[in-house]
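A structural walkthrough
As a plain string of letters, each chain reads:
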Amino acid sequence: MKAILSERNGIAMKVTLQHLTKTFPSRSKKQPEDVVAVQDFSFEIPDGKLIGLLGPSGCGKSTTLNLLSGLLKPTSGRIFFGEDDVTDLPAEHRGVGLVFQNYALYPHLTVKQNITFPLENRKGKDRLTKQQMAEKAMEAAKLVQIEGLMDRKPSELSGGQQQRVAIARALVKMPRILLLDEPLSNLDARLRLQTREEIRRIQRSTGITTVFVTHDQEEAMSISDLIVVMKDGIVQQAGKPQEVYDSPANLFVAKFLGNPPINVFDAQVRSQTLYIGDEAVLPVPGVSDQLVTAAVRPEGFILSEQGALTCNLSGVEVMGRDISVVSTHPNSQNLTIRSIISAETGVAPGKTVRFDLKPAKVFLFSRDDGTRISF
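Here's a quick rundown of the structure. Nothing here was measured: the structure is a model prediction, and the numbers come from that model. (Residues numbered from 1 in each chain as written. Predicted model: local features only at pLDDT ≥ 70, side-chain atom pairs only at ≥ 80, totals over all residues. Heavy atoms only, no water.)

A short note on the overall build of the protein chain
- A tally of regular secondary structure across the protein chain gives nine helices and 21 strands.
- When its C-alpha atoms are laid out on the principal axes, the protein chain stretches across 75 × 45 × 45 Å.
- In the protein chain, buried positions account for 47% of the 375 residues.
- Of the contacts made within the protein chain by residues no fewer than 6 positions apart, 67% connect residues no fewer than 24 positions apart.
- Carbon and sulfur atoms make up 49% of the accessible area of the protein chain, which amounts to about 18300 Å² in all.
- One finds the centroid of the 45 positive side-chain charges in the protein chain at a distance of 6 Å from the centroid of its 42 negative side-chain charges. (Helix = DSSP H or I, 4+ residues; strand = E, 2+ residues; numbered from the N terminus. Buried < 20%, exposed > 50% of the residue type's maximum accessible area, 1.4 Å probe, protein only. Contact = heavy atoms within 4.5 Å. Areas by Shrake-Rupley, 256 points an atom, 1.4 Å probe, with all protein chains shown as cover. Lys, Arg positive; Asp, Glu negative; His and termini not counted. Charge placed at Lys NZ, Arg CZ, Asp CG, Glu CD.)

Right, here's the structure in full:
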């Protein structure tokens, strides 16, 4: 491991994307226009950080990863690793480590042989002896804690162990950037949690700039230094996970981040006051009279007998230290409203429940285009 870490010294790993666009020719006669997978993506990935590319299926996150790796060539825009323009550089010369969702291990090779495989094609001054390759393989294996499995075949490993082998194989050549494409999708819930913690530990230990692609917002927020939220090939918002959660740029970002999801209401502003239905629920200074979409985080509700917002009580779900009050409202866009409150707070039986709202957990958005309205 020390050798792996020392090999990182002095290597510039900042990654810069400049107006990156990728289009694919349409295969549909009904829609002959080209398909834009990534559109005008500009972003700088700081040296040694872990970035989460986040969004629903088809948003362009995996295409972005393939552009970084060199597996795809951009339609326009440039890619820089440090000061080096790698836009036209073939994938094999970019110094990239790739880990895929399906592990892509060679079934007839042992763990040791799978890990050393990327080293065997080195030539000239980079060529290694068998002893050197074995040492590097063991260092990588120790880093992902599979050194006791070196003589096994992939079929003799669990899914989590196979994923660790794939990560070790990517790390053994000490890439300038590590790219992880939905690496936890094939694991069960407990193993996903354990493996994502391992990925974070490994990334911090090696200091390798890492891009982690996932559709799971909890996954991305838990291990990323920065997240980039994408939709239809366009970056919606980028920033530190907590900052993006606390201050979403638009309705899509607000709805995509958070579990339980944010509660969305049809509302209106009159005389700088937010109304949901006929109830005045919150002062919103500086906002002009208009129809709006109001969104409230589950933790943004305060249970109160005299609360401003009245909802129809459906039930209470006990979650340990918290409880989830499940209710409905005629103006809610969600099928049910979920309000997270302390388990120490009792919910009086009845047909209705009333809440006050925490201003910092309430967001207003334009009905026209979903952009944020500040107050």
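Let's pick the thread back up.
Considering helix 5 (residues 159–171)
- The end-to-end C-alpha distance of helix 5 is 19 Å, a good match for the 18 Å that 13 residues give at a rise of 1.5 Å each.
- Taken together, the buried positions of helix 5 are occupied by Gly-160, Gln-162, Gln-163, Arg-164, Val-165, Ala-166, Ile-167, Ala-168, Arg-169, Ala-170 and Leu-171.
- Turning to helix 5, the residues buried within the fold contact strand 6 (96–99), helix 3 (111–116), helix 4 (130–143), strand 7 (177–181) and helix 6 (189–206). (Expected span 1.5 Å × (residues − 1).)

Some points on the sheet that holds strand 19 (residues 352–357)
- Judged by pairing direction, the sheet is antiparallel, and its five strands sit side by side in the order 15-19-16-17-18 without closing on themselves. What marks the edges here is a single partner per strand, and that holds for strand 15 (301–303) and strand 18 (337–342). Strand-to-strand, the axes of this sheet are offset by a mean angle of 50°, without reference to chain direction.
- Note that strand 16 (residues 309–318) and strand 19 share four bridges and pair antiparallel. Bridged to Thr-310 within strand 19 is Arg-354. (Pairing = 2+ DSSP bridges. Axes fitted to C-alpha atoms, helices over the stretch in contact; angles between N-to-C directions.)

Digging into the side chain of Thr-87
- With respect to the helices, strands and loops of the structure, Thr-87 is situated in the loop between strand 5 (84–85) and strand 6.
- Here Thr-87 falls in the buried class, since its relative accessible area comes to 4%.
- Setting aside anything within four residues of it in sequence, one finds Thr-87 in contact with Pro-74, Gly-77, Arg-78, Ile-79 and Arg-94.

As for the pairing of strand 13 (residues 279–283)
- Here four bridges tie strand 12 (residues 273–276) to strand 13, and the two strands are oriented antiparallel to one another. Among the inter-strand pairings, Leu-274 is bridged to a residue of strand 13, identified as Leu-282.
- What sits between the antiparallel neighbours strand 12 and strand 13 is a turn of two residues, in which Gly-277 has the positive phi angle 65°.

Here we look at the packing of helix 5 against helix 6
- Across the interface, helix 5 lies against helix 6 with an axial gap of 11 Å and an inter-helix angle of 20°. Judged by the angle between their axes, helix 5 and helix 6 are roughly parallel. In the crossing of helix 5 with helix 6, the sense of the turn from one axis to the other is right-handed. Facing Gly-160, Gln-163, Arg-164, Ile-167 and Leu-171 of helix 5, the residues of helix 6 in contact are Leu-191, Gln-194, Thr-195, Glu-198, Ile-199 and Ile-202.
- Residue composition of the contact of helix 5 with helix 6, by class: five nonpolar, four polar and two charged. (Parallel < 35°, antiparallel > 145°, perpendicular 65-115°, else oblique. Left-handed = near helix turned anticlockwise from the far one by under 90°. Nonpolar A, V, L, I, M, F, W, Y, C, P; charged D, E, K, R; others polar.)

Details of unusual backbone geometry
- For the bond running from Asn-259 to Pro-260, omega is 0°, close enough to zero to count as cis.
- Of note, Pro-260 is situated in the loop between helix 9 (251–256) and strand 11 (263–270).
- Residues other than glycine seldom take positive phi values, yet Met-174 does so here, at roughly 50°.

Considerations on the packing of aromatic side chains
- Inspection of the entire model under this criterion finds three aromatic pairs.
- Here the aromatic rings of Tyr-106 and Phe-117 are separated by 4.8 Å at their centres, their planes lie at 50°, and the arrangement is tilted. Linking Tyr-106 in the loop between strand 6 and helix 3 with Phe-117 in the loop between helix 3 and helix 4, this pair joins segments that are eleven residues apart in sequence.
- Take Tyr-106: its relative accessible area is 31%, and that puts it in the partly exposed class.
- By relative accessible area, which is 31% here, Phe-117 ends up partly exposed.
- On the basis of an interplanar angle of 65° and a centroid distance of 5.0 Å, the ring pair of Phe-301 and Phe-355 is categorised as edge-to-face. You can see Phe-301 sitting in strand 15 and its partner Phe-355 sitting in strand 19, a full 54 residues away along the chain. When sorted by exposure, Phe-301 lands in the same class as Phe-355, which is buried.
- The side chain of Arg-297 reaches across the aromatic face of Tyr-245, ending 3.9 Å from its centre. (Phe/Tyr/Trp six-rings, centres within 6.5 Å; stacked < 30°, edge-to-face > 60°. Lys NZ or Arg CZ within 6 Å of the ring centre and 35° of its normal.)

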